[in-house]
Amino acid sequence: MAAKLLLLFAICRLIVIVGLTLNPTDFFRVGIIGRLSVDPHDITAASMDFGKTTRTEPTAVLHPATADDVAKLIKLAYQSPQGFAVSARGHGHSINGQSQVSNGVVVQMSSSGGTAAAPEVSENSMYVDVWGGELWIDVLKSTLQYGLAPKSWTDYLYLSVGGTLSNGGISGQAFNHGPQISNVHEMDVVTGKGQVLTCSKNKNPELFHSVLGGLGQFGIITRARIALEPSPQRVRWIRVLYSNFTAFTHDQEYLISLHNHPQSEKFDYIEGFVIVDEGLINNWRSSFFSPKNPVKISSLGASGKVLYCLEITKNYYDLSNPESIDQEVGDLLKKLNYIPASEFTTDLPYVDFLDRVHKAELKLRSKGLWEVPHPWLNLFVPKSRIADFDEGVFKGILGNKTSGPILIYPMNKNKWDEKSSVVTPDEDVFYLVALLRSALDNGEETLTLKHLSDENRKILEFCKEENIKVKQYLPHYTTEKEWMEHYGEKWHQIYRKKMEFDPRHILATGQRIFEPRF
Ligand code: FAD
């Protein structure tokens, strides 16, 4: 009874705030079987994201039980004279309020309380069908029961399938398998008109391509069919250092150029990071040593300089011959020009490697350093200008305090489907540069949110002034002009598809691309 009263209160509140000209009983009549909530706990959770810099309260939160629930809610928003906004929220790991909504309903896709369908693996066809709000860690757990695993990952697995597919989904496997959006066979999508459509390259292809990397603009993904491969059991994980940026990028580009070679002749994962932080160089780096060949980084003579770390892995199976793995890794390493004494090698189960960032999360949480503002900036930088970016940003704007990891790794553009909604630089190879920084309020001026946000602005201005044609990954803009610039030639296509699939601009208003039409 109390639950019914709460629901009635939720509906009345929605009607009052959104101004719907609906009778409360209409909500019962549309027959949503999930939970529509105005519980302050739900509202507060849906008002925030990982970035912790933007806060917007929704009117209500829907915990859907099925795709049909999502469709019924959207249909109501689409058909009611006043309309209201609807945003899917995966795990809320956006930075700038992208899954938030004002005057509307957040559809909480993850943590649906076990009501959504469990992953279904097809062993023969090597794919898994998953609910759009499923977290990648849970996708992995279910496919491993069949000795299978997805091919393309993000560095962190506590993100939802729908959330990463709406952006791209990248990690060190992208040079080889492409981003996660290149590894999806089929999806069920609820459009902005409330229709539930199955789409793939052959069926409703326009919707399929629009939704992949579509920032939630064209529909809510309720099911995705993800490609699988036999799961490796173990990983050889290697880090090597460079003080010379040209040598570093030359080696990274060489390694990703091997993508068409047989498995034994290439690495499975290629990333890298930049170490500009004096604190890191003097403290953390001193413990960065190889068990085989202990070396203090302070002995590398890189004091005051920027260092670059190449991070690579080789997957293998229990049945593999360890000597042949040593041989394959050794043959590849021989071709690289890193600082010889800087090799660090470890060996661990595949799952532990994939879930590595979660370990870091637990450590940061225990120190109260996870729930802090994250003014992250992610850029795709064309290969031809990465050296200019290094000079201007890593060796220039950043100074010697970074307040978080800075990732840098190249990808092959031919592994990205041009028809998807993502935009990447117009070159065969481009780099991800991810400035994953945390703002702290500990009295150090260089670590404050204002300082880091100012630096981000300076980096973007620098790229503009130097005509370095970067594209933001996980983009954040606030004006239509900026979005038009971001999409460039793709803008007309994005606009046309928006008109087709979400003509009232109901969906994902937190991205601030299209003004709602109600
Ligand atoms: P949310 O933040 O909840 O939503 C993001 C956007 O997608 C919103 O606009 C939302 O409306 C929309 N959306 C969500 N679910 C759906 C759905 N089912 N259908 C349609 N639209 C939907 N990204 C990488 O590519 N590689 C990485 O290695 C990586 N590492 C990360 C590590 C951390 C610690 C964090 C916080 C983020 C990382 N990201 C990475 C970024 C991450 O992929 C994006 O922020 C992604 O959007 C997060 O997924 P989410 O489920 O939290 O989405």
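Given the structure is predicted, the values throughout are model-derived calculations rather than measurements.

**With respect to the overall build of the protein chain**
Point 1. Looking only at helices and strands, the protein chain has 17 helices and 18 strands in total.
Point 2. For the protein chain, buried positions account for 45% of its 518 residues.
Point 3. Long-range pairs, those at least 24 residues apart, make up 74% of the contacts in the protein chain with a sequence separation of at least 6.

**Considering the domain arrangement of the protein chain**
Point 1. When the domains of the protein chain are assigned, the result is domain 1 (2-112 + 501-511), domain 2 (120-230) and domain 3 (234-472).
Point 2. Listed per partner, the contact involves 23 residues of domain 2 and 23 residues of domain 3.
Point 3. For the side of domain 2 that touches domain 3, the secondary-structure elements that each account for two or more residues are helix H5 (136-144), helix H7 (174-177) and helix H8 (205-211).
Point 4. In terms of residues, the side of domain 2 that touches domain 3 owes the most to one element, H7, which gives three residues.
Point 5. Partitioned by chemical class, the residues of the side of domain 2 that touches domain 3 number 12 nonpolar, 10 polar and one charged.

**Focus on the site of the ligand**
Point 1. Neighbouring the ligand are 36 residues, the closest being Gly 90, His 93, Ser 160, Gly 162 and Gly 163.
Point 2. In terms of residue class, the shell around the ligand is made up of 11 nonpolar, 22 polar and three charged.
Point 3. A domain split of the shell around the ligand shows at least three residues from each of domain 1 (2-112 + 501-511) and domain 2 (120-230).

**Comments concerning helix H14 (residues 386-397)**
Point 1. Of the positions making up H14, those classed as buried are Ile 386, Phe 389, Asp 390, Val 393 and Phe 394. Summarising the axial view, the buried residues of H14 lie within an arc of 110°, below the 170-degree limit, and thus occupy one face. For H14, the exposed residues set more than 90 degrees away from the buried face come down to Ala 387 and Glu 391.
Point 2. Buried residues belonging to H14 abut helix H9 (245-256), strand S12 (269-275), strand S15 (377-382), strand S17 (429-435) and helix H15 (449-465).

**What about the sheet that holds strand S2 (residues 60-63)?**
Point 1. Spatially, S1-S2-S4-S3 is the arrangement adopted by the four strands of the open sheet, whose pairing is mixed. In this open sheet, the two strands that pair with only one neighbour each are strand S1 (35-37) and strand S3 (85-89). When strand polarity is set aside, the average angle formed by the axes of neighbouring strands in this sheet is 25°.
Point 2. Sheet topology places S3 next to strand S4 (residues 104-108); five bridges connect them, and they run parallel. Bridge pairing in S4 links Arg 89 to Gln 108.
Point 3. Relative to S2, helix H3 (residues 40-47) is tilted by about 95°, and along the sheet it contacts S1, S2, S3 and S4.

**A short note on the environment of Phe 175**
Point 1. Note on placement: Phe 175 falls in helix H7.
Point 2. Here Phe 175 falls in the buried class, since 27 other C-beta atoms lie within 10 Å of it.
Point 3. Excluding residues that lie within four positions of it along the chain, Phe 175 makes contacts with Ile 256, His 259, Ile 270, Pro 410, Met 411 and Asn 412.

**Focus on the sheet that holds S15**
Point 1. Taken in spatial order, the eight strands make up an open sheet running S14-S11-S13-S12-S16-S17-S15-S18, and their pairing is antiparallel. Of all strands in the sheet, those with a lone pairing partner are strand S14 (344-349) and strand S18 (471-472), marking the two edges.
Point 2. Sheet analysis places S15 next to S18, joined by two bridges and oriented antiparallel. Looking across to S18, one finds that Phe 380 is bridged to Lys 471.

**Quick word on the nonpolar core**
Point 1. Ranked by size, the top nonpolar core spans 69 residues in total, and within it Leu 73, Ile 74, Val 86, Val 105 and Val 107 carry the most contacts.
Point 2. The element that contributes the greatest number of residues to this core is helix H4 (residues 67-79), accounting for eight residues.
Point 3. If we ignore the near neighbours within four places in the chain, the residues touching Val 105 are Pro 58, Thr 59, Ala 60, Val 61, Leu 62, Leu 73, Phe 84 and Val 86.
Point 4. In terms of nonpolar packing, the next biggest core, distinct from the first, is built from 49 residues, Val 274, Ile 275, Tyr 338 and Ile 459 among them.

**Here's the deal with the packing of H14 against H15**
Point 1. Contact pair H14 / H15: the axes reach a minimum separation of 10 Å and the direction vectors enclose 155°. In this view, H14 runs roughly antiparallel relative to H15, as classed from their interaxial angle. Two packed elements cross with a definite hand, and for H14 against H15 that hand is right-handed. On the side of H14, the interface is formed by Gly 392, Val 393 and Ile 397, while H15 contributes Glu 455, Lys 458, Ile 459 and Phe 462.
Point 2. For the contact of H14 with H15, the residue count by class is four nonpolar, one polar and two charged.

Analysis parameters
Residues numbered from 1 in each chain as written. Predicted model: local features only at pLDDT ≥ 70, side-chain atom pairs only at ≥ 80, totals over all residues. Helix = DSSP H or I, 4+ residues; strand = E, 2+ residues; numbered from the N terminus. Buried ≥ 20, exposed ≤ 12 C-beta atoms within 10 Å, placed from the backbone. Contact = placed C-beta atoms within 7 Å. Domains from an automatic or database assignment. Nonpolar A, V, L, I, M, F, W, Y, C, P; charged D, E, K, R; others polar. Near = placed C-beta within 6 Å. Arc of directions from axis to C-beta. Pairing = 2+ DSSP bridges. Axes fitted to C-alpha atoms, helices over the stretch in contact; angles between N-to-C directions. Core = buried A, V, L, I, M, F, W, Y, C linked by C-beta atoms within 7 Å. Parallel < 35°, antiparallel > 145°, perpendicular 65-115°, else oblique. Left-handed = near helix turned anticlockwise from the far one by under 90°.

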